[in-house]
Amino acid sequence: MRKLGRTKRQRQKQVRRNARKAKKTVRYEAGMAAGYQEGARIGLSRFGTYFDGTSIIIPSYNQVDFLKKCLTSIHKHTNVAYEIIVVDNASSDGTAAYLQSVDGVVRYRVLERNCGFAGAVNVGMMMAKGTSLLLLNNDTIVTDNWLSNLLACLNSDPGIGMVGPVTNNISGDQRIEVPYTTEKEIASFGRRFNVHDPAKWQRTDRLKGFCLLFRRELWDRTGYLDEGFAIGNYEDDDFSIRVRLQGYSLVTARDTFIHHFGSVSMKALGERFNEVNDRNLHVYMDKWGNPHELIHEVHARGLGLAGQGETSFFPEGVVVRGVTAALYWVENGRRRPIAGTVSVPAIRLSQVDLRRWPVGEPIAAEAVEAAWLQQPQISEAGGLPYIVENGLRRRVTTAKAGEAWGLGLRQGSPFPAGQLGTLAEGLPIIAHVQVAERL
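Below is a summary of the structure that appears in this document. (Residues numbered from 1 in each chain as written. Predicted model: local features only at pLDDT ≥ 70, side-chain atom pairs only at ≥ 80, totals over all residues. Heavy atoms only, no water.)

Helix and strand content of the chain: 15 helices and 19 strands. With respect to the three principal axes, the spread of C-alpha positions in the chain is 110 × 65 × 45 Å. Every one of the 439 residues in the chain was classed for burial, and the buried ones make up 49%. Within the chain, contacts between residues at least 6 apart in sequence are counted, and of these 80% link residues at least 24 apart. Counting only carbon and sulfur atoms, one obtains 53% of the accessible surface of the chain, whose full area is about 21100 Å². Of the charged side chains in the chain, 55 are positive and 45 negative; the average position of the first set lies 16 Å away from that of the second. (Helix = DSSP H or I, 4+ residues; strand = E, 2+ residues; numbered from the N terminus. Buried < 20%, exposed > 50% of the residue type's maximum accessible area, 1.4 Å probe, protein only. Contact = heavy atoms within 4.5 Å. Areas by Shrake-Rupley, 256 points an atom, 1.4 Å probe, with all protein chains shown as cover. Lys, Arg positive; Asp, Glu negative; His and termini not counted. Charge placed at Lys NZ, Arg CZ, Asp CG, Glu CD.)

Rendered as structure tokens:
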């Protein structure tokens, strides 16, 4: 009987324990929900406000030991306001667990799949709250005064679009010879090297993406990295061209050094590296052809900084959309909301690109269909393809640009070839970037 009594009491105790546990679970979940709602409320109230500092955006993939070194060096050698944002491309080496352990010190996002360098950076730029943005490879070690020197260079002239440092391991003119042979010597070399000296700032045509600093305003004008460059390589070259087209300068701050181990994530691809690199080279050539000649042509006409940023290089007479289903008709520098259903192909753009057009008056779907049918086809002058807009001829830079905007689908009459050459030259048409915009 005593044994049966004990068993009954044990069951009763277990029931009470389970009840207490259930109550705790309910309270915990209620607290979590309340905390989430409060966080969302505060986030919405502060959306669009930024701190006077730099968002350091670090994409990562399966190199957690390098990432730890990078973050340690930032904390040790950065003496100006900053935040760190790490976006991980679904690593399988414990990176997610490490990021959890530094939560509160580092803002981070772990993606469900490998979205490549551009995809991870774009997520980081969406998360960024600084007035300046810095893209940084995870296989770098920064040194004394690195960020303050880069900021001094960037802020010395509003015409400077992007700034980058020199390093020990990179292609192009940002590479320098270094005397050290061990990691322990990096900090002392950087301390001696990173002496502020504007005489060492050098204009360049190209900056590599291992470390790129620019103002938020430049991102607003230029937008995201092009995710059409899968995995990595050439997206930084593409971004440099888009910045230079607007009239901005690129500068190498040769008074600033950071160590670069050298594209460890890309090298980890092994035999796939050449395949990825070759594919992205083809994407780059298809998109730009001869970009340096294009930049020279734009600058030679004295157009300066394009009024609406990169959108100034987009065509009118097109239907566009962002991340929502809302469609807009672009004309006279505005996007007009379309009322009704249209059969005109809609071009998917990023929200950053879309919002550069001011919103105009709504337009009926029937009016859009009629306007679309009247858009003149691509015409030729001197063997080059053009479209005509607002009394100007605008060169379609490549077949890829025409395809991206659906210009080959236009059904209106071609502009008379004899008159095309008499029109003034407008800004060229370039392809828009591919962006997933995931958060």
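Moving on, we come to the side chain of Arg 335. Relative to the assigned elements, Arg 335 resides in strand 13 (residues 334-339). Buried Arg 335, no salt bridge; nearest opposite-charge side chain is Asp 353, N-O distance 11 Å. A polar atom in the side chain of Arg 335 sits 3.5 Å from the side chain of Tyr 328. Discounting chain neighbours no more than four positions away, the residues touching Arg 335 are Tyr 328, Trp 329, Val 330, Leu 354, Arg 355, Trp 357, Pro 358, Val 359 and Gly 360. (Salt bridge = Lys/Arg side-chain N within 4 Å of Asp/Glu carboxyl O. Polar contact = N/O pair within 3.5 Å; in protein donor to acceptor, adjacent residues only side chain to side chain.)

Looking now at the sheet that holds strand 9 (residues 249-257). Spatially, the eight strands line up as an open sheet ordered 3-2-1-4-8-6-9-7, and their pairing is mixed. For this open sheet the edge positions go to strand 3 (107-110) and strand 7 (201-204), each flanked by a neighbour on one side alone. In this sheet, adjacent strand axes meet at a mean angle of 25° when their direction is disregarded. The sheet contact formed by strand 6 (residues 160-166) and strand 9 spans five bridges and is parallel. Each residue of the ladder has a partner; that of Ile 160, found in strand 9, is Ser 249. Strands strand 1 (51-60), strand 2 (82-88), strand 4 (130-136), strand 6, strand 7, strand 8 (211-215) and strand 9 of the sheet are contacted by helix 5 (residues 146-154), whose axis makes an angle of about 145° with strand 6. (Pairing = 2+ DSSP bridges. Axes fitted to C-alpha atoms, helices over the stretch in contact; angles between N-to-C directions.)

Within the largest apolar cluster, 31 residues are counted, with the highest numbers of intra-cluster contacts made by Ile 58, Leu 71, Ile 74, Leu 134, Leu 136 and Trp 146. Top contributing element to this core by residue count: helix 5, with six residues. Contact partners of Ile 74, with chain neighbours within four places excluded, come to Ile 56, Ile 58, Tyr 82, Ile 84, Leu 136, Val 142 and Trp 146. (Core = buried A, V, L, I, M, F, W, Y, C linked by side-chain atoms within 4.5 Å.)

Taken in spatial order, the five strands of this open sheet run 14-11-12-13-15, and their pairing is mixed. Two strands in the sheet have a free side with no partner beyond their single neighbour: strand 14 (346-348) and strand 15 (363-364). With four bridges connecting them, strand 11 (residues 318-321) and strand 12 (residues 327-331) associate as antiparallel partners. Among the inter-strand pairings, Val 319 is bridged to a residue of strand 12, identified as Trp 329.

This brings us to the pairing of strand 2. Of all seven residues in strand 2, six are buried, a share of seventy percent or more. Two strands pair when backbone bridges link them, and strand 1 and strand 2 are joined in this way by seven bridges, in the parallel orientation. Pairing of Ser 55 across the sheet is with Glu 83, part of strand 2. As for the winding sense of the linkage, the β-α-β connection from strand 1 through helix 2 (residues 64-77) to strand 2 is right-handed. Where strand 2 meets strand 3, four bridges bridge the pair, whose relative direction is parallel. Bridge pairing in strand 3 places Ile 85 opposite Arg 107. Where the polypeptide runs from strand 2 across helix 3 (residues 95-101) and back to strand 3, its parallel neighbour, the crossover connection is right-handed. (Right-handed = clockwise from strand over helix to strand, strands pointing away.)

Let's shift gears to the packing of helix 8 (residues 235-245) against helix 11 (residues 291-300). Interhelical geometry of helix 8 versus helix 11 gives an angle of 15° and a closest axis separation of 10 Å. Comparing the axis directions of helix 8 and helix 11 gives the class roughly parallel. The handedness of the crossing between helix 8 and helix 11 is left-handed. When helix 8 is examined against helix 11, the residues Ile 241, Arg 244 and Leu 245 are found in contact with a partner set consisting of Pro 291, His 292, Leu 294, Ile 295, Val 298 and His 299. (Parallel < 35°, antiparallel > 145°, perpendicular 65-115°, else oblique. Left-handed = near helix turned anticlockwise from the far one by under 90°.)

The next thing to look at is helix 2. Taking 1.5 Å of rise per residue, 14 residues should cover 20 Å, and helix 2 covers 20 Å from first to last C-alpha, within 8% of that figure. Among all positions of helix 2, only Val 64, Leu 67, Cys 70, Leu 71, Ser 73, Ile 74 and His 77 are buried. (Expected span 1.5 Å × (residues − 1).)

Let's shift gears to the environment of Ala 325. If you trace the backbone, Ala 325 turns up in the loop between strand 11 and strand 12. Residues Ala 325 and Arg 348, 23 residues apart in the sequence, show an inter-C-alpha distance of 9.9 Å.

Attention now moves to the pattern of salt bridges. For the structure shown, the criterion picks out 19 salt bridges. Residue Glu 177 is joined to Arg 175 by a salt bridge in which the shortest nitrogen-to-oxygen separation is 2.8 Å. Of the residues examined, Glu 177 reaches a relative accessible area of 61% and is grouped as exposed. With a relative accessible area of 40%, Arg 175 lands in the partly exposed category.

For the rest of this paragraph, the subject is a positive patch on the surface. The grouping of Arg 9, Lys 13, Arg 16, Arg 17, Arg 20, Lys 23, Lys 24 and Arg 27 at the surface amounts to a positive patch. Tracing the sequence through the fold places Lys 13 in helix 1 (residues 2-46). (Patch = residues over 30% accessible without salt bridge, like charges linked within 9 Å, V, L, I, M, F, W, Y side chains within 5 Å.)

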